[in-house]
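# Remarks on the overall topology
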Amino acid sequence: AVPRTRILATGGASHNKKILQVLSDVFNAPVYTINTANSACLGSAYRAIHGLVAEMNVSLADVMKLAPEPTLAVTPTAGTEELYRPLLKRYAELEQKVIYNPTSSC
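Note that this is a predicted model, so its numbers are computed, not measured.

A separate point is the packing of aromatic side chains. With the rule as written, the count across this model stands at 0 aromatic pairs. When the ring centre of Y32 is taken as origin, the NZ or CZ atom of R6, which lies over that ring, is 4.9 Å away.

Spelled out as structure tokens, the structure:
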């Protein structure tokens, strides 16, 4: 089972509500977006800031408080969890098969 969480989508696909809705439904989690340029670099930038202040016992969570507040884009559609739960389970099984026996065929 996927733990209760939220998804933060960035980049070009984050402007497509249909893609965001699929993410939300598959993972049964709300999807948030942030309106920022060069979002691919954003996580690295916050990690770099954390690296600079880590010796002062500043946590990454504290650094992330500097980040812009994400905006809720979509929420899961009622009933889709029952549809995707067995598919996610099957995906996880196949992933483990590939990880632990990469030469086997699925």
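The biggest cluster of nonpolar side chains holds 7 residues, and these are I7, A9, L20, A29, V31, A73 and V74. Of all the elements in the fold, those that place two or more residues in this core are β1 (7–9) and β3 (71–74).

Predicted confidence across the chain gives a mean pLDDT of 86, with 93% of residues reaching 70 or more. Least confident of the elements in the chain is helix α2 (residues 39–53), whose mean pLDDT is 85; most confident is β3, at 96.

What follows deals with the pattern of salt bridges. A complete count under the given rule lists 4 salt bridges for this structure. Note that D62 is salt-bridged to K65, the shortest N-O span being 3.2 Å. With relative accessibility at 65%, the residue K65 sits in the exposed group. In this structure, the salt-bridge partner of R90 is E93, at a minimum N-O distance of 3.8 Å. Here R90 pairs with E93, and both are found in helix α4 (residues 80–100), just 3 residues apart, close to one helical turn. Through salt bridges that share partners, K89, R90 and E93 make up one connected network.

What counts and what doesn't
- Residues numbered from 1 in each chain as written.
- Predicted model: local features only at pLDDT ≥ 70, side-chain atom pairs only at ≥ 80, totals over all residues.
- Heavy atoms only, no water.
- Phe/Tyr/Trp six-rings, centres within 6.5 Å; stacked < 30°, edge-to-face > 60°.
- Lys NZ or Arg CZ within 6 Å of the ring centre and 35° of its normal.
- Core = buried A, V, L, I, M, F, W, Y, C linked by side-chain atoms within 4.5 Å.
- Buried < 20%, exposed > 50% of the residue type's maximum accessible area, 1.4 Å probe, protein only.
- Helix = DSSP H or I, 4+ residues; strand = E, 2+ residues; numbered from the N terminus.
- pLDDT = per-residue confidence, 0-100.
- Salt bridge = Lys/Arg side-chain N within 4 Å of Asp/Glu carboxyl O.

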